[in-house]
Amino acid sequence: MSQESIQTDILARLDTHGSIDDTAILPYASDLILGVLNSLLSKEILTYTAIKGEKWVLTSEGQEVASGGSPEVALFNLIPSDAGLAVADAQEQMGEKAKVAMSNAMSKKWLKKQGDQLLRAVDSVTDQVQADLIKIKETGAFGDARVLQDYKRRKLCSAEKITSYSVQKGERFTTNVQKEATEITAEMLRTGEWKGQTFKKYNFNAAGVQVRGGHLHPLMKVREEFRQIFFELGFEEMPTNQFVESSFWNFDALFQPQQHPARDMHDTFFLKDPAVAGEMPKDYVERVKHVHSKGGYGSIGYGYDWKYSEAEKLILRTHTTAVSSYMLYKLAQEARANKEFRPVKYFSIDRVFRNETVDATHLAEFHQIEGVIADRGATLGDLIGILYNFFRKLGIEKLRFKPAYNPYTEPSLEIFSWHTGFKKWVEIGNSGMFRPEMLRPLGLPEDVSVIAWGLSLERPTMIKYSIDNIRELLGHKVDLEMVMTNPICRLDKKMGREI
């Protein structure tokens, strides 16, 4: 049915009767009627008001009962009038409907049970359920509300909200609707046609088309909050756009031995092609080799045969500390060239990769937040002080520290905070002072110390946004609706699981 024919019918009824009390009497879809009414309303040909109502409709199961009869009647008809029917046979013939059919038939006292046999208790039955559902299907209503609720409980019917309209004539009512122009054209101006033309009114209250722009992922919202905190504290962001790194910068430069379990393929992703890195700074490589093999700077080293072939293997970086080691090497080169050391505060927030089993709390890739401070005479007290200052910016006041082990930091501290939501201390990061075995081969002055700390980006994000499964935060299972509707992140305000 076209909109033009619906429009003609509505105008004819208005012309004859003066109004239409309820458009529910019209044989057209509600959305088509509304489209015609809005079009005529904009021309002031008519006005209308909405009438909210309710209509009962049959479910797919209800449609089946209306056409084929109720299960209880079907079961009654299966039982011979002069004999019984075994319960097992009834279940085999009726399948999933047998249980409901027996329950309803027994409650209506149509059947009785002797042992495992079902027997008729009456000579005949009337399928009132089928008759009622046919009436509901035809009229959309039923007089007995109790019966309706019973059928709704049995999932035979359900209520639907419907809207119809009461229509009256408008100030400019006519049955001869002329097409209105939407804009003045050059042709109208040239010929003067615009003087006799009727123009469509602008609807300044109409909602425009919603602009669909991009949305920041919750991880990116939290990441930006961390970046701003580092900037407020005077830190400089390190370049971390190189996901592929050599084992040398990722492990060896950090005084991590070549036989360390973390360097096994079960924990690290190795590249096949290209498999090895290009040229590395020879003098620095030799110093790193010496401190691993024979020690130095007050250390006995690891005492093993350090191999260049292991150091040149290309991997997906397992931590952003690989970037920190390279930046500290550049800092040492700068100090040597300028003959003056420049204290620095670096940070990075980027993706790292581990060959881990994926589950609700672990992924093969995640984001690491890292802060590094290099200065003369930096101490463990300075590290703890900067950690209190840093985490205070996140709204975290209560901190505890626990001694830990890292190959490239000594002393090392695990960082715990009191979680008011969980009512317990939870680990939030790791920290420490870079070892002389790592710093001195870089060429940094002997009185320069480097303090550093790191934490994951995913854990605070999951807490902030009440996400239990990390796979719902990052990866192919992410719900795009979640990305579009989640609020901005305020690290200094309680939200999500913190409340």
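Here, every reference points to the structure presented above.
The structure reproduced in this document is the subject of the present report. (Residues numbered from 1 in each chain as written. Predicted model: local features only at pLDDT ≥ 70, side-chain atom pairs only at ≥ 80, totals over all residues. Heavy atoms only, no water.)

**Some remarks on the nonpolar core**
Thought 1: F226, F390, F391 and W453 are the most contacted members of the largest nonpolar core, which totals 34 residues.
Thought 2: Counting residues in each nonpolar core, the second largest holds 33 residues, with W249, V323, A335 and M438 among its members. (Core = buried A, V, L, I, M, F, W, Y, C linked by side-chain atoms within 4.5 Å. Buried < 20%, exposed > 50% of the residue type's maximum accessible area, 1.4 Å probe, protein only.)

**Comments concerning the packing of helix α1 (residues 3-17) against helix α2 (residues 30-42)**
Thought 1: Packing of α1 against α2 leaves a shortest axis separation of 10 Å and a crossing angle of 70°. Comparing their axes, α2 and α1 come out roughly perpendicular. Judged by the sense of rotation from one axis to the other, the crossing of α1 with α2 is right-handed. Along the contact surface, α1 presents Q3, I6, Q7, I10 and L11, while α2 presents L32, G35, V36, L37 and L40.
Thought 2: Looking at side-chain class alone, the contact of α1 with α2 contains 7 nonpolar, 3 polar and no charged residues. (Axes fitted to C-alpha atoms, helices over the stretch in contact; angles between N-to-C directions. Helix = DSSP H or I, 4+ residues; strand = E, 2+ residues; numbered from the N terminus. Parallel < 35°, antiparallel > 145°, perpendicular 65-115°, else oblique. Left-handed = near helix turned anticlockwise from the far one by under 90°. Contact = heavy atoms within 4.5 Å. Nonpolar A, V, L, I, M, F, W, Y, C, P; charged D, E, K, R; others polar.)

**A look at helix α8 (residues 145-153)**
Thought 1: Three or more residues of α8 are buried, namely V147, L148 and Y151. Along α8, the residues classed as buried sweep out an arc of 100° about the axis, all on the same side. Among the exposed residues of α8, those pointing more than 90 degrees away from its buried face are A145, R146 and R153.
Thought 2: Structurally, α8 contributes buried residues whose contacts are with β2 (46-58), α7 (128-139) and β6 (157-169).
Thought 3: Looking at where α8 begins, the residue whose side-chain oxygen comes 3.0 Å from the main-chain nitrogen of R146 is D144. (Arc of directions from axis to C-beta. Polar contact = N/O pair within 3.5 Å; in protein donor to acceptor, adjacent residues only side chain to side chain.)

**Description of the sheet that holds strand β3 (residues 85-86)**
Thought 1: As summarised here, the arrangement of the 3 strands in space is β3-β5-β4, forming an open sheet in which the pairing is antiparallel. Every other strand in the sheet has two partners, leaving β3 and β4 (111-114) as the edge strands with one partner each.
Thought 2: Taken together, the 2 bridges between β3 and strand β5 (residues 117-120) define a ladder with antiparallel strand orientation. When the sheet's bridge partners are listed, A86 is paired in β5 with Q117. (Pairing = 2+ DSSP bridges.)

**Let's talk about the environment of V209**
Thought 1: Positionally, V209 belongs in the loop between α9 (186-191) and α10 (218-232).
Thought 2: Once the C-alpha coordinates of V209 and F401 are considered, the two residues, 192 residues apart in sequence, prove to be 54 Å apart.

**Some words on a negative patch on the surface**
Thought 1: A surface patch of like charges, here negative, comprises D264, D267, E356 and D359.
Thought 2: Relative to the elements of secondary structure, D264 occurs in the loop between α11 (247-250) and α12 (282-293). (Patch = residues over 30% accessible without salt bridge, like charges linked within 9 Å, V, L, I, M, F, W, Y side chains within 5 Å. Areas by Shrake-Rupley, 256 points an atom, 1.4 Å probe, with all protein chains shown as cover. Salt bridge = Lys/Arg side-chain N within 4 Å of Asp/Glu carboxyl O. Lys, Arg positive; Asp, Glu negative; His and termini not counted. Charge placed at Lys NZ, Arg CZ, Asp CG, Glu CD.)

**Some words on the packing of aromatic side chains**
Thought 1: Enumeration over the complete set of coordinates arrives at 23 aromatic pairs.
Thought 2: With a centroid separation of 6.3 Å and 45° between ring planes, the pair formed by Y302 and Y304 is classed as tilted.
Thought 3: For Y302, a relative accessible area of 28% corresponds to the partly exposed category.
Thought 4: Here Y304 falls in the buried class, since its relative accessible area comes to 15%. (Phe/Tyr/Trp six-rings, centres within 6.5 Å; stacked < 30°, edge-to-face > 60°.)

**Quick notes on the packing of helix α5 (residues 87-94) against helix α6 (residues 97-107)**
Thought 1: The geometry of α5 relative to α6 is characterised by a closest axis approach of 8 Å and an angle of 125° between their N-to-C directions. Between α5 and α6, the interaxial angle falls into the category oblique. Contact with α5, carried on its side by V87, A90, Q91 and M94, involves K97, A98, A101 and M102 of α6 and no other residues of that element.
Thought 2: Split into classes, the residues belonging to the contact of α5 with α6 amount to 6 nonpolar, 1 polar and 1 charged.

**With respect to the pattern of salt bridges**
Thought 1: Within this structure, the stated rule accounts for 18 salt bridges.
Thought 2: Between E334 and R342 there is a salt bridge, and its shortest N-O distance comes to 2.8 Å.
Thought 3: On the basis of relative accessibility, which here comes to 27%, the residue E334 falls in the partly exposed class.
Thought 4: In the salt-bridge network here, residues are joined through shared partners; they are R223, E224, R227 and E237.

**Some thoughts on unusual backbone geometry**
One can expect most non-glycine residues to show negative phi and most peptide bonds to be in trans.
Thought 1: Geometrically, the link from D273 to P274 is a cis peptide bond, its omega value of -5° lying close to zero.
Thought 2: Tracing the backbone through its elements, the reader meets P274 in the loop between α11 and α12.
Thought 3: Cis geometry marks the peptide bond from E410 to P411, where omega comes out at 0°.
Thought 4: For K155, which is not glycine, the phi torsion reads 60° and is therefore positive.
Thought 5: Looking at the secondary structure, you find K155 in the loop between α8 and β6.
Thought 6: In this structure K155 comes out as exposed when scored by relative accessible area, which is 59%.
Thought 7: Non-glycine residue F255 carries a positive phi angle of around 60°.
Thought 8: Among the secondary structure elements, F255 is positioned in the loop between α11 and α12.

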